[in-house]
Amino acid sequence: MSESAFLGMCLTVGTSQQVAIRREIADIQEMVIRLMKSTKDDMITEMLSGSTREGFRLEGSDVDTMYWSENHRVIMDMSQIEYYNTANTTLILSESSECPPGFTLLQLLTSSRYRTVLSACVQMNDRVYISSSTYRQLTCSLIYPNSTLHGPCGSGVRGGMEYDTAWCFVCDFWPLSASSWKDRCYSWPDPEVVNDIVRNGCHFVAIGHPLGPHENEEWRISFSEAEHKLVSSMNHCQFLTYRLLKRFLKEVVNQQLEESNKLLCSYHMKITVFWVIQQNTLPRLCPQNLLAGFWVCFKLLLKWVYEGVCPNFFIPQNNLFLTKVHGSAQNRLFLQLHELYKKGLACLLQSSSIRSYIIDVLHNHILSVCTDESTMRPEVEFDVELVRESTIVPYIHVLQKDLCGLTTAIHTIEQLVYSPLTQCQVVTIQKLTVYFNVYTAFELHNLYTNKCCNKQMYIADKISCHMLKLAAKFGFVSDMLYIAMYYYKTLRYREALSVIEMTKIKLAQPCLMFNGHVHKDRYTKAVGGQSWSKKMRQAVAWDIILNNDICYISELIPEQQSALQVKLSILKIPVFVMLHFLEFLCSRHVDTTLSQTALYELQTLVHHGQGLYVLAKHRDISWEILGICQQITGNLQAPTVTRTRSMQLHTNCYTEENI
C-alpha cells in the first residue's frame, strides 16, 4: 500500500526530479530579480513563499509573496548598529520583552523616507513604534489595487488565481528567542543548512498576537525563508508525507466542516512533519514505509490537539493553537480525529485522491509496486515540466522601463552565464535572454525612430535585427515571430512574410510541443535524447509575450493601453493567432488575396480553435485581434459582433482556467 501510494503521489505531485526542476528554476529567477534590483537605492525585494515556492503545483493553490525594503533593517540589540551605514539605512529595533513568544514591537530608531512607514508610526513611552495594524492597512493594496486584508496579507484574485501579498521588514540576525532551535538540529537538517538559515536571519510580518498586550503594534517573527530551506532539505518521501497530510486535511478532516470550524491548516501539517523528522521518530523514511510516516505524523497531531499545544518549530514557547484550538472547539476536533485514529490507516480511504492510489492493491492483492522514479515518467514529461516552469515570466519585465534597465538585465544574465548552473537553470537563462533581447530591440527602435539622423537609425536598426536573431537562436520556434513583428514595424513586409512562412513550416511539425501539449511518441522520435537547449529551438512553441510598456505593432497599442489601465504589465497572445495576425497585416501591402486567406484562417482559429490553440485565458485578446483585422478591411459591423462575443467570453474565462 505504501509503495502504491508513493507511485500515485509521484504521478500527481511530481517525482523528485520534477520538484527539483520547479525549485531550481524559481531559484534562478529570484536570483536574476535580486541582481537586477541591487543597483537601485530603494530596492524592494520580493520572495515567493508558500506551497508554490516549496515545489507543489496544486490546483486552486494561491500565490504567496513577501515584499520588503532593503534599506530598512531590523536589529536585535543596539550593539548591532555598527554594522550599518545609517546615512542610507533606516534602522528598527526589535523589542520583545513585553510580547508573547514569537512576537515583538518594532521601534523606529532612524528616520524613514517611506510615507507608509512614517504614517504607521505611533508613540508609546516617549518612543516611536511602527504599528503593525496601520502598516498592514496602508500596504494592503500596494501591489494589487482593491486587495482585502487577510491576516498580515493583502488578498484577492488576479487572472483567476488567488494571491496573498505581505509587506514585512527583514533582519540579518537570528532571533535570541529561537536560539534553542540550533541546538536541536543534531540529526536534521544538515549543519550547512542550519548555518545558511541562521546566517539569513528572519522577517517580521504585520500582525500581532490576539492575546498580546499591544496587539495592534506587535509584529510576528516570520521564518518563511527558513521553512522553504527546510522543505527543500527533505528527501522525496518526507516531502510526499507532507503532501499526504495536506490532502488528508483538505479531503477528510475539513471536508465536512464549515469555514469557521476549520481549526487546522496546511501550516500545522508542515510544522508536524518538521518535528517528526527532527525528532528522528521514523528514520530512513522510504517508499515502503510512506504510510507509516503519515501515521506517526497523524498521532503527533492528535496528541497536540488533545493537549491544546502546537509548538512553533523555531520558538516552541509560541503555541500555535493558543487562540483557536481550545474549549469546546478543541474537544470536537479531538473527537473527530480520534474517530479517524480508531480506523487505523483505513481512514485514508475517506480521501478520494489517496483512495485511488491504494484501492487496486487492496482489491487485487498486488504484492509489490515499482517505485523506481527513473521509470515512472518518460523523458517528454520532464521536458513539458521544464518548458512550463521556464515560461512562467517572473516580474522582471516590471523593472524594464528604459534602455538603461534593459542593459542592466542583459549584464545580469552575462554574470550568471559564468556561474555554476543546472541544466534547467541554463534553459531558464536562455528564455530570459530572449525576453531581454526582444524588449531591447524594440525599445531601441522606438527610441531612435524620428529622433536621430539616418546613420544613427541605421546603426540602431542593425543592432535590433541582430538581437532579435540572437533571441530566435536561443529561444523557442515561436520566438521567430518577434523578427516578423519587427520587419512589419519597419515596413519590410516581404521579409516579414518570409519569416512567417519559415515559422509556419516549423510550427506544422508533428513533433511540436505547444503550450505543454505534445504527441509524445513523435516528439521523442524527433528530439529524444538531445539537449534541452536544442529541443527548445527545434520543437517547442509558446505564447507570444509583449511588454505593455513597449510598442511592437501600432495596431495593438489600444490593447496594451487597456491592459495597463488594469495593472497588467504583459500581454499574452496565442502563437497561431499572432502568426495569422501578422500574415494578414503584411499581406495587405503585398498581395490582398493572401491577406484574405490569412483573415479567414484567423477567423477559423478564433471560432473553432478553443481549448488547444486558443486557451480560455486568451480568448478575449484573440477575439479583439480578429475584430482589429475585420475593422481594417472596412467591415465595421463585424468588430461589434466580435467584441460582444469577446465580452461574453471574458466574463467567464477567469473561472475556467488559472492564468
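Treat the numbers as computed from the prediction; the structure is a model and nothing was measured. (Residues numbered from 1 in each chain as written. Predicted model: local features only at pLDDT ≥ 70, side-chain atom pairs only at ≥ 80, totals over all residues. Heavy atoms only, no water.)

When its secondary structure is counted, the protein chain shows 26 helices and 16 strands. Computed over its C-alpha atoms, the radius of gyration of the protein chain comes to 27 Å, within 12% of the 26 Å expected for a compact globule of 659 residues. Seen through its C-alpha atoms, the protein chain measures out along the principal axes to roughly 80 × 75 × 50 Å. Burial statistics for the protein chain: of 659 residues in total, 55% are counted as buried. Residue pairs at least 24 apart in sequence account for 69% of intrachain contacts in the protein chain once pairs closer than 6 positions are excluded. Of note, the protein chain has its 59 positive side-chain charges centred 4 Å away from the centre of its 61 negative side-chain charges. (Helix = DSSP H or I, 4+ residues; strand = E, 2+ residues; numbered from the N terminus. Rg over C-alpha atoms; globule rule 2.2 N^0.38 Å. Buried < 20%, exposed > 50% of the residue type's maximum accessible area, 1.4 Å probe, protein only. Contact = heavy atoms within 4.5 Å. Lys, Arg positive; Asp, Glu negative; His and termini not counted. Charge placed at Lys NZ, Arg CZ, Asp CG, Glu CD.)

Moving on, we get to helix α22 (residues 557-565). Listed as buried for α22 are E559, Q560 and A563. Taken down its axis, α22 places every buried residue within 100° of arc, on the same side. (Arc of directions from axis to C-beta.)

Here we take up the pattern of salt bridges. Note that side chains of opposite charge can pair when their charged atoms are close. The tally for this structure, following the rule as stated, stands at 22 salt bridges. The shortest N-O distance in the salt bridge between E379 and K535 comes to 2.3 Å. Here K535 lies in helix α21 (residues 532-539) and E379 lies in helix α14 (residues 379-390), a separation of 156 residues in the sequence. K504 serves as the salt-bridge partner of E601, at 3.9 Å between the closest nitrogen and oxygen. Of this pair, E601 sits in helix α24 (residues 592-608) while K504 is found in helix α19 (residues 493-507), placing the two residues 97 residues apart along the sequence. Residue classification places E601 among the partly exposed residues on the basis of a relative accessible area of 28%. Bridged by salt links that share partners, the residues D27, E30, R34 and R53 form one connected network. (Salt bridge = Lys/Arg side-chain N within 4 Å of Asp/Glu carboxyl O.)

Per-residue pLDDT for the protein chain averages 89, and the proportion of residues at 70 or more is 93%. Low confidence marks residues 644-659, where pLDDT is under 50. Its contacts with residues over four positions away, or in another chain, come to 26 contacts. (pLDDT = per-residue confidence, 0-100.)

Here we come to the packing of aromatic side chains. Tallying each qualifying case throughout the model produces 31 aromatic pairs. Between W275 and F313, the aromatic rings sit 5.4 Å apart at their centres with planes inclined by 85°, giving edge-to-face as the arrangement. With W275 in helix α10 (residues 266-278) and F313 in the loop between α11 (290-307) and α12 (327-342), this pair connects stretches of sequence that are 38 residues apart. When sorted by exposure, W275 lands in the same class as F313, which is buried. Taking NZ or CZ as reference, R23 lies 4.8 Å from the ring centre of F239, over its face. (Phe/Tyr/Trp six-rings, centres within 6.5 Å; stacked < 30°, edge-to-face > 60°. Lys NZ or Arg CZ within 6 Å of the ring centre and 35° of its normal.)

Moving on, we come to the pairing of strand β15 (residues 544-547). On β15, burial covers both faces: I544 and L546 on one face and I545 and N547 on the other are all buried. Alignment of β15 against strand β16 (residues 570-573), held across four bridges, turns out to be antiparallel. Its bridge partner being in β16, I545 is matched across the sheet by K572. (Pairing = 2+ DSSP bridges.)

Of all hydrophobic cores here, the largest spans 94 residues; its most connected members are W181 and F314. Not counting chain neighbours up to four residues away, the residues in contact with W181 comprise W174, P189, V194, I197, V198, L230, Q278, F313 and F314. Counting 76 residues, the second-largest nonpolar core is a separate cluster that includes I429, Y486, V606 and I625. (Core = buried A, V, L, I, M, F, W, Y, C linked by side-chain atoms within 4.5 Å.)

With that settled, the discussion passes to unusual backbone geometry. A cis amide bond links W188 with the next residue in sequence, P189, at an omega value of -5°. Here P189 shows up in the loop between α6 (179-184) and α7 (191-199). In this model, D126 sits at a positive phi of 65°, which is unusual for a non-glycine residue. You can call D126 exposed: its relative accessible area is 79%.

Right, let's talk about the environment of L108 for a bit. With respect to the helices and strands, the residue L108 is situated in strand β5 (residues 103-108). By relative accessible area, which is 12% here, L108 ends up buried. When the C-alpha positions of L108 and H72 are compared, they lie 10.0 Å apart, and in sequence the two are 36 residues distant. Here L108 is in contact with T90, L91, I92, V117, L118, C121, V128, Y129 and I130, once residues within four sequence places are set aside.

With 21 residues, helix α17 (residues 454-474) ought to run about 30 Å at 1.5 Å a step, and its terminal C-alpha atoms sit 30 Å apart, in line with that. Turning to α17, its buried residues number three or more, namely A460, D461, S464, C465, M467, L468, A471 and A472. Buried positions in α17, seen along its axis, are confined to an arc of 165° and lie on one side of it. Those residues of α17 that are exposed and angled more than 90 degrees off the buried face are K455, Y458, K462 and K473. Contacts made by the buried residues of α17 are with α15 (403-417), α16 (423-448) and α18 (481-489). (Expected span 1.5 Å × (residues − 1).)

Next up on the list: the side chain of T440. In this structure, T440 sits in helix α16. One polar contact links the side chain of T440 to the main-chain carbonyl oxygen of F436, over a distance of 2.6 Å. Here T440 is in contact with L403, L406, I410 and M467, once residues within four sequence places are set aside. (Polar contact = N/O pair within 3.5 Å; in protein donor to acceptor, adjacent residues only side chain to side chain.)

Turning next to the packing of α19 against helix α23 (residues 575-587). Running from N to C, α19 and α23 point in directions that differ by 150°, and their axes come no closer than 10 Å. Here α23 runs roughly antiparallel to α19, going by the angle between their axes. Read as a crossing pair, α19 and α23 show a hand that is left-handed. In contact with Y493, A496, L497, I500, T503, K504 and L507 of α19, α23 contributes V575, F576, L579, L582, E583, C586 and S587. Here the contact of α19 with α23 is built from residues that sort into 10 nonpolar, two polar and two charged. (Axes fitted to C-alpha atoms, helices over the stretch in contact; angles between N-to-C directions. Parallel < 35°, antiparallel > 145°, perpendicular 65-115°, else oblique. Left-handed = near helix turned anticlockwise from the far one by under 90°. Nonpolar A, V, L, I, M, F, W, Y, C, P; charged D, E, K, R; others polar.)

This part is about the side chain of S478. Tracing the chain through its elements places S478 in the loop between α17 and α18. Beyond its immediate sequence surroundings of up to four residues, S478 is in contact with V540, A541, W542, I544 and V575.

It is at 8 Å that the axes of α16 and α17 come closest, and there the two elements cross at 160°. Relative to α17, the element α16 lies roughly antiparallel. Between α16 and α17 the crossing geometry is left-handed. Judged by residue contacts, Q430, T433, V434, N437, V438, T440, A441, F442, L444, H445 and Y448 of α16 engage Q456, M457, A460, I463, S464, M467, L468, L470, A471 and F474 from α17.

Our next topic: the environment of G151. Inspection of the secondary structure assignment puts G151 in the loop between β8 (148-150) and β9 (153-158). Linking G151 and H607, residues 456 residues apart in sequence, is a C-alpha distance of 44 Å. Residues in contact with G151, not counting those within four places in the same chain, are R136 and I207.

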